[in-house]
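# Understanding the architecture of this molecule
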Number of protein chains: 2
Amino acid sequence: MKTDEDFMRFAIKEAEKALEIDEVPIGAIVVCDGEIIGKGYNLKERDSDPTAHAEIIALKEAARKLKTWHLDNCDLYVTIEPCPMCAGAIVQARIRKLVFGAYDSKAGAVGSLYNIVEDERLNHQVSELKGGVLAAECRKLVQDFFKKLRNN
Amino acid sequence: MKTDEDFMRFAIKEAEKALEIDEVPIGAIVVCDGEIIGKGYNLKERDSDPTAHAEIIALKEAARKLKTWHLDNCDLYVTIEPCPMCAGAIVQARIRKLVFGAYDSKAGAVGSLYNIVEDERLNHQVSELKGGVLAAECRKLVQDFFKKLRNN
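What this report covers is the structure whose coordinates are included nearby. (Residues numbered from 1 in each chain as written. Chains lettered and ligands numbered in written order. Predicted model: local features only at pLDDT ≥ 70, side-chain atom pairs only at ≥ 80, totals over all residues. Heavy atoms only, no water.)

## Here's the deal with the sheet that holds strand E2 (residues 35-41) of chain B
Residues and elements named next belong to chain B. Ordered by their spatial adjacency, 5 strands build an open sheet running E2-E1-E3-E4-E5, and the pairing between neighbours is mixed. The two strands at the open ends of the sheet, each matched to only one other strand, are E2 and strand E5 (128-130). Shown here is a sheet whose adjacent strand axes are inclined to one another by a mean of 15°, direction ignored. Where strand E3 (residues 74-80) meets strand E4 (residues 97-102), 5 bridges bridge the pair, whose relative direction is parallel. (Pairing = 2+ DSSP bridges. Helix = DSSP H or I, 4+ residues; strand = E, 2+ residues; numbered from the N terminus. Axes fitted to C-alpha atoms, helices over the stretch in contact; angles between N-to-C directions.)

## Concerning the environment of A:Ile29
Residues and elements named next belong to chain A. Within the fold, Ile29 resides in strand E1 (residues 27-32). Each C-alpha atom of the pair Ile29 and Ile12 lies 9.3 Å from the other, and the pair is 17 residues apart in sequence. Among residues more than four places away in sequence, those in contact with Ile29 are Phe7, Phe10, Ala11, Glu14, Ile36, Gly38, Lys39, Ala58, Asp75, Leu76 and Tyr77. (Contact = heavy atoms within 4.5 Å.)

## Considerations on the interface of chain A and chain B
Facing the 30 residues of chain A at the interface are 30 residues of chain B. When chain A packs against chain B, the two sides together hide about 2700 Å² of surface, and 62% of this comes from carbon and sulfur. At the junction of chain A with chain B, the criterion picks out 2 salt bridges. The interface formed by chain A and chain B includes 15 residue pairs in polar contact (both at pLDDT 80 or more). (Buried area = accessible area lost by both parts, 1.4 Å probe. Salt bridge = Lys/Arg side-chain N within 4 Å of Asp/Glu carboxyl O. Polar contact = N/O pair within 3.5 Å; in protein donor to acceptor, adjacent residues only side chain to side chain.)

## A look at the nonpolar core
Counting 102 residues, the largest nonpolar core has A:Leu59, A:Ile116, B:Leu59 and B:Ile116 as its most contacted members. Apart from residues lying up to four places away in sequence, B:Leu59 is in contact with B:Val30, B:Leu71, B:Leu76, B:Ala89, B:Ile90, B:Ala93 and B:Ile95. (Core = buried A, V, L, I, M, F, W, Y, C linked by side-chain atoms within 4.5 Å. Buried < 20%, exposed > 50% of the residue type's maximum accessible area, 1.4 Å probe, protein only.)

## Quick word on the relation of the copies chain A and chain B
The transformation that overlays chain A on chain B combines an axial shift of 0.0 Å with a rotation of 180°, and the residual RMSD is 0.0 Å. Each copy turns onto its partner about a two-fold axis. Among all residues of chain A, the one whose C-alpha sits closest to the rotation axis is A:Met85, at a distance of 2.0 Å. The share of interface residues of chain A whose copies in chain B are also at the interface is 100%, consistent with both copies meeting through the same surface. (Least-squares fit on C-alpha atoms with pLDDT ≥ 70 in both.)

## So, the sheet that holds strand E5 (residues 128-130) of chain A
Note on sheets: strands pair through backbone hydrogen bonds, and any given pair is parallel or antiparallel. All names here are of chain A. As summarised here, the arrangement of the 5 strands in space is E2-E1-E3-E4-E5, forming an open sheet in which the pairing is mixed. Edge positions in the open sheet fall to strand E2 (35-41) and E5, since each of these has one partner strand only. On average, each strand axis in the sheet is tilted by 15° relative to the strand beside it, whichever way the strands run. One ladder, built from 3 bridges, connects strand E4 (residues 97-102) with E5; its direction is parallel. Considered in E5, the bridge of Lys97 is made with Glu128. Its contacts with the sheet put helix H2 (residues 54-66) on E1, E2 and strand E3 (74-80), and the angle it makes with E2 is roughly 140°. Lying over the sheet, helix H4 (residues 135-151) contacts E3 and E4, oriented at roughly 60° with respect to E4.

## Comments concerning H2(A)
Over its 13 residues, H2(A) extends 19 Å from the first C-alpha to the last, a length consistent with the 18 Å expected when each residue adds 1.5 Å. For H2(A), the full list of buried residues reads A:Ala54, A:Glu55, A:Ile56, A:Ala58, A:Leu59, A:Lys60, A:Ala62 and A:Ala63. Looking at the packing, one finds that the buried side of H2(A) touches E1, E2, E3 and helix H3 (84-92) of chain A together with helix H2 (54-66) of chain B. At the C-terminal side of H2(A), A:Lys67 shows a positive phi close to 60°. (Expected span 1.5 Å × (residues − 1).)

## Looking at the packing of H2(A) against H3(A)
Residue and element names in this part refer to chain A. Remark: H2 packs on H3, axes separated minimally by 9 Å, with the N-to-C direction vectors making an angle of 20°. Of the possible angle classes, the one that applies to H2 and H3 is roughly parallel. The way H2 lies across H3 gives a crossing that is left-handed. Contacts between H2 and H3 involve Glu55, Ile56 and Leu59 on the former and, on the latter, Met85, Cys86, Ala89 and Ile90. (Parallel < 35°, antiparallel > 145°, perpendicular 65-115°, else oblique. Left-handed = near helix turned anticlockwise from the far one by under 90°.)

And the structure:
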């Protein structure tokens, strides 16, 4: 049985793929019955797509595989706290459990600026929420990326 | 020179296309220099895609056409107040002006439950925001859809 940390390492692997092509290194996976059915990393620049965040890509892949947008039995793991768009997408997809790595004090919508995935006014809330899993590792990837960018 | 009402009528036309295939009738367009460069309507059921809202589809098409995710000079028109996911996507795309039809008291994130597109803590805010344009017409489309659904 895999732990949340185990699954987060898969999300970190996705983030590392973004790094290789100079995208902000954020990665996500969707897990259903212990199996990874969606993976994604940030592709905003490469795809010229404002919505191409790791979470959105992973959610879309999972939905394609299950042939439904209802991902009620699915869990999402992402290396950085989701932004409002991605937190909203998690609600749209009816994700069961959300696990994220580092908090994002500037744009995070799952505790930092908002808490969209637990807002009882919306028609869905996640059943389980865990932030801070392998946070240092997840944060370091992004910090190193921006440090390198500033030095170039 | 087209008015906001003129452009909203194009968004309504998109909503009507959703109606024809039994999707929730919400439509959106993206306008750049007076020209429509992105169009979309809700395709969540048909595409089994939790992110396939009108706004997301229109934003993606506009970005594909302009070959960039920076839609700084673009305006978005949508028949219903955007949800958190779509409001977040509008911020991600750096949309200039947002015009919507009917308010959505249950899930609206542009005045009703949140105001994500004018949140100064995020790294972008729309320069202009107008809600309630042709609101009665936009609302009626959705209300009639759900009324019919309940009667079936």
